[in-house]
Amino acid sequence: MYKISSTPESSNPPEELSPLAQIQATYGLKTREAVEMFTQLDSEDRAEICGEMKQMLKNKRIIKEEGNVIYIRFHSVQN
């Protein structure tokens, strides 16, 4: 991903964005901050976080954010 100058006649090549800047541009600041925190964890803690995320997805947890309020709806899992 490249940052393009707003001046069309610019003779400088596009500035390449860092991976974190690309994440922020694509997914937003909160995701960038989450990735920054994740990268500071050791491998055991990273594995634990990944396990927790998998469990959230398995439980079909739906999160909807509106303004400063986050709504969480859980679907019951049928056995």
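In this text, all values refer to a predicted model and were calculated from it rather than measured experimentally.

Caption draft 1: Geometry of the overall build of the chain. In terms of regular secondary structure, the chain is built from three helices and four strands. The order of α-helices and β-strands along the chain, N terminus first, is β-β-α-α-α-β-β. Long-range pairs, those at least 24 residues apart, make up 7% of the contacts in the chain between residues at least 6 apart in sequence.

Caption draft 2: Just the pattern of salt bridges, in detail. Inspection of the entire model under this criterion finds one salt bridge. A salt bridge links Arg32 to Glu36, with the shortest nitrogen-to-oxygen separation between them at 3.4 Å. Residue Arg32 and its partner Glu36 are both found in helix α2 (residues 29–39); the two are separated by four residues, about one turn of the helix.

Caption draft 3: Quick peek at helix α3 (residues 43–58). Its 16 residues give α3 an end-to-end C-alpha distance of 22 Å, which sits within 8% of 22 Å, the value for a rise of 1.5 Å per residue. Capping the start of α3, Asp42 holds a side-chain oxygen 3.3 Å from the backbone nitrogen of Glu44, two or three residues further along.

Caption draft 4: Region of interest: the layout of surface pockets. Of the voids in this model, the second largest pocket is the one considered here, and its volume is about 210 Å³. Around the second largest pocket, the lining residues are Lys30, Thr31, Ala34, Val35, Met37, Phe38, Leu41, Ile49 and Met53. Mapped by element, the contributors of at least two residues to the lining of the second largest pocket are α2 and α3. By residue number, the principal contributor to the lining of the second largest pocket is α2, which donates six residues. Here the residues of the lining of the second largest pocket are counted per class, giving seven nonpolar, one polar and one charged.

Calculation criteria
Residues numbered from 1 in each chain as written. Predicted model: local features only at pLDDT ≥ 70, side-chain atom pairs only at ≥ 80, totals over all residues. Heavy atoms only, no water. Helix = DSSP H or I, 4+ residues; strand = E, 2+ residues; numbered from the N terminus. Contact = heavy atoms within 4.5 Å. Salt bridge = Lys/Arg side-chain N within 4 Å of Asp/Glu carboxyl O. Expected span 1.5 Å × (residues − 1). Polar contact = N/O pair within 3.5 Å; in protein donor to acceptor, adjacent residues only side chain to side chain. 1 Å grid on protein atoms, 1.4 Å probe; cavity = no way out; pocket = protein on both sides within 12 Å on 5 of 7 lines; lining within 4 Å. Points joined across faces, edges and corners; volume = space filled by probe spheres on them. Nonpolar A, V, L, I, M, F, W, Y, C, P; charged D, E, K, R; others polar.

The values reported here are purely geometric and, on their own, carry no functional implication.
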